[in-house]
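Residue strings, one per chain:
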Amino acid sequence: MALRRQTFHLKLPSRTLVLGERTLVMGVLNVTPDSFSDGGQFLDPARAIEHAIAMESAGADLLDIGGESTRPGSEEVQASEELDRILPAIEGLRGLLKIPISVDTRRAAVAEVALRAGAEIINDVSGLKNDPRIAELAARQEVPLILMHMRGEPRTMQKGGFARDVLRDVTQGLRKSISIARNAGVAKSQIILDPGIGFGKSFPQNYKLLEHLSQIAKLGYPLLAGTSRKGFIGGTLARGGKPAPPEERIWGTAATVTASILNGAHIVRVHDVGEMVQVARVADCLVNPLLRCALR
């Protein structure tokens, strides 16, 4: 049975997004040298801008720009370097891109500059653990805040120490993040939750989270799911003992995107926008029967 999603209205500086009537597709733009899937491909601002426009043309509803890799084993970068990477892309897209931009960062200082440059959503993969001042910024600027669950730190999060009960761990962690955000003045209607697939979870735990995403939906917030090309998919599709490389995980990603939508995700964060727009469109027909009226 597909979970019928609750509808939410997310207020951005430029518009209001309706979450729940159909799945929104968030395109990933990593302007980093070391991201696990596309590291180094879009460091050049011209290439980054070109790729962003291509994702919008392919059907992306949102664009998430990040300048610091948080893949397993990654090292932290300085805020100045993070800004040097993301600002040329954000500023270069002003007036060119019609869809809203989200900034993927763990630092309030970076988020504040990105908002001034044109970003309209903050995506904090640390769930406010790294820099709680992000919540104060989101409240002050009245922008949406995505809170993701991450167990541990990127450098060491996949080296063990996994939770015994992943659903309880994620739910409790997200409750703490919500509490910080609400105490800082972030409106309930401006918060989105991300269970953090692949961030400090074992491969089986990632599948368990997807299977029971509806339990996280009971917290009463819209959900974002980011499974695109991740390691647990590569492990599942391994051949000869070697994980499938990221570029060969598209159809595995499609399966996880479908599962995410059927279990309550409002937004899916993906690298392969054109393909996943098709996946979302079909999966949405199972979630919202009214959409079938458009079928011929």
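The residue numbering used here restarts from 1 in each chain and proceeds along that chain's sequence as written. Two thresholds apply to this predicted model, a pLDDT of at least 70 for residue-level local features and 80 or more for giving and counting side-chain atom pairs, whereas whole-chain, interface and lining totals are computed over all residues. Each side-chain value is derived from all of the structure's non-hydrogen atoms; neither hydrogens nor water enter the calculation.

Participant: Quick question: what am I supposed to make of the overall build of the protein here?
Facilitator: In terms of regular secondary structure, the protein is built from 10 helices and 10 strands. Projected onto the principal axes, the alpha-carbon positions of the protein cover approximately 45 × 45 × 40 Å. Here the protein holds 296 residues, and the buried ones make up 55% of them. Of all intrachain contacts in the protein linking residues separated by at least 6 positions in sequence, the fraction that spans at least 24 positions is 69%. Throughout, the Shrake-Rupley method with a 1.4 Å probe supplies accessible areas, and for residues the shown protein chains are the sole cover considered. Carbon and sulfur atoms provide 51% of the accessible area of the protein, an area that totals close to 13200 Å². We treat Lys and Arg as the positive residues and Asp and Glu as the negative residues; His and chain ends play no part in the count. In this description, the location of a charge corresponds to atom NZ of lysine, CZ of arginine, CG of aspartate or CD of glutamate. Each charge class in the protein can be summarised by its mean position, and for the 37 positive and 32 negative side chains these summaries are 7 Å apart. Comment: elements are numbered from the N terminus, with helices defined as DSSP H or I runs of at least four residues and strands as E runs of at least two. Burial classes follow relative accessibility: with a 1.4 Å probe on protein chains only, a residue under 20% of its type's maximum area counts as buried, one over 50% as exposed, and anything between as partly exposed. Whether two residues touch is decided by their heavy atoms; if any such pair falls within 4.5 Å, the residues are in contact.

Participant: I keep staring at the packing of aromatic side chains and nothing clicks. Help me out?
Facilitator: A ring pair, where both rings are aromatic, is described by two values, the distance of the centres and the angle of the planes. Side-chain rings of Phe, Tyr and Trp (the six-membered ring for Trp) are treated as a pair once their centres are within 6.5 Å; stacked means planes under 30 degrees apart, edge-to-face means over 60, and tilted covers the remaining angles. Per the counting criterion, the structure on display carries 1 aromatic pair. Taken together, a centroid distance of 5.0 Å and an interplanar angle of 85° make the contact between Y207 and F232 edge-to-face. A residue pair is termed long-range when its members are at least 10 positions apart, and Y207 in helix α6 (residues 203-211) and F232 in helix α8 (residues 231-236) qualify at 25 residues. By relative accessible area, which is 36% here, Y207 ends up partly exposed. Between the NZ or CZ atom of K188 and the centre of the ring of Y221, over which it lies, the distance is 4.4 Å. Throughout this description, the term charge over a ring refers to an Arg CZ or Lys NZ atom that lies within 6 Å of the ring centre and within 35 degrees of the ring normal.

Participant: In this structure, what is going on with the environment of A283? I would like to understand it.
Facilitator: For A283, the location among the structural elements is in helix α10 (residues 273-287). Distance from A283 to G59, taken between C-alpha atoms, is 16 Å for residues 224 residues apart in sequence. In this structure A283 touches T258, I261 and L262, once residues within four positions along its chain are discounted.

Participant: Any chance you could explain the environment of R94 here in plain terms?
Facilitator: If you trace the backbone, R94 turns up in the loop between α2 (79-93) and β5 (101-104). Expressed as a C-alpha distance, the spacing of R94 and A119, which sit 25 residues apart in the sequence, is 9.3 Å. Once residues within four sequence positions are removed from consideration, R94 is found in contact with R116, A117 and G118.

Participant: Looking at this structure, I do not really get the sheet that holds strand β7 (residues 145-148). What am I missing?
Facilitator: Hydrogen bonding along the main chain pairs the strands of a sheet, whether they run parallel or antiparallel. For two strands to be treated as a pair, DSSP must find no fewer than two bridges joining them. An order of β8-β7-β6-β5-β4-β3-β10-β9 is seen for the 8 strands of this open sheet, with the pairing classed as parallel. Looking at which strands have only one partner, the edges of the open sheet turn out to be β8 (191-194) and β9 (224-225). Bridge analysis of strand β3 (residues 24-30) against strand β10 (residues 267-270) gives 4 bridges, and the strand direction is parallel. Within β10, the position partnered with G27 by the bridge is V270. Axes here refer to lines fitted to C-alpha atoms; in helices the fit is confined to the stretch in contact. Angles between the N-to-C directions go from 0 to 180 degrees. The sheet contacts of α10 involve β3 and β10, and relative to β3 the element is tilted by about 160°.

Participant: Teacher, can you tell me more about the pattern of salt bridges here?
Facilitator: Side chains that differ in sign of charge can pair as their charged atoms come close. The working definition used for a salt bridge is a side-chain nitrogen of Lys or Arg within 4 Å of a carboxyl oxygen of Asp or Glu. In this structure the tally under the stated criterion is 14 salt bridges. Taking the shortest distance from any N to any O, the salt bridge between E68 and R106 comes out at 3.0 Å. With E68 in the loop between β4 (62-66) and α2 and R106 in the loop between β5 and α3 (108-117), this residue pair connects regions lying 38 residues apart in the sequence. Of the two residues, E68 and R106, neither departs from the other in class, the shared state being buried. The salt bridge involving R229 is made with D272; its shortest N-O contact spans 2.6 Å. Note that R229 is positioned in the loop between β9 and α8 and D272 in the loop between β10 and α10, a separation of 43 residues in sequence. The same class applies to R229 as to D272, namely buried.

Participant: Looking at this structure, I do not really get helix α4 (residues 133-141). What am I missing?
Facilitator: The α-helix advances 3.6 residues per turn, and as a result positions three or four apart in sequence lie on the same side. Listed in full, the buried residues belonging to α4 are I134, A135, L137 and A138. Looking straight down α4, one finds its buried side chains confined to an arc of 160°; they lie on one side. Residues of α4 that are exposed and point more than 90 degrees away from the buried face comprise R133 and R140. Its buried side turned inward, α4 meets α3, β6 (121-124), β7 and α5 (166-183). The positive-phi residue at the C-terminal boundary of α4 is E142, with phi of around 55°. The arc in question is the one traced by the directions running from the helix axis out to the C-beta atoms.

Participant: Is there a simple way to think about the packing of helix α1 (residues 45-57) against α2 in this case?
Facilitator: The relative placement of two packed helices comes down to the angle between their axes together with the axis-to-axis distance. Interhelical geometry of α1 versus α2 gives an angle of 50° and a closest axis separation of 9 Å. Comparing the axis directions of α1 and α2 gives the class oblique. Judged by the sense of rotation from one axis to the other, the crossing of α1 with α2 is right-handed. On the side of α1, the interface is formed by P45, A48, I49, A52 and I53, while α2 contributes P88, A89, G92 and L93. An angle below 35 degrees is treated as roughly parallel, one above 145 as roughly antiparallel, one from 65 to 115 as roughly perpendicular, and anything else as oblique. Left-handed describes a crossing in which the near helix is turned anticlockwise from the far one by less than a right angle; the clockwise case is right-handed.

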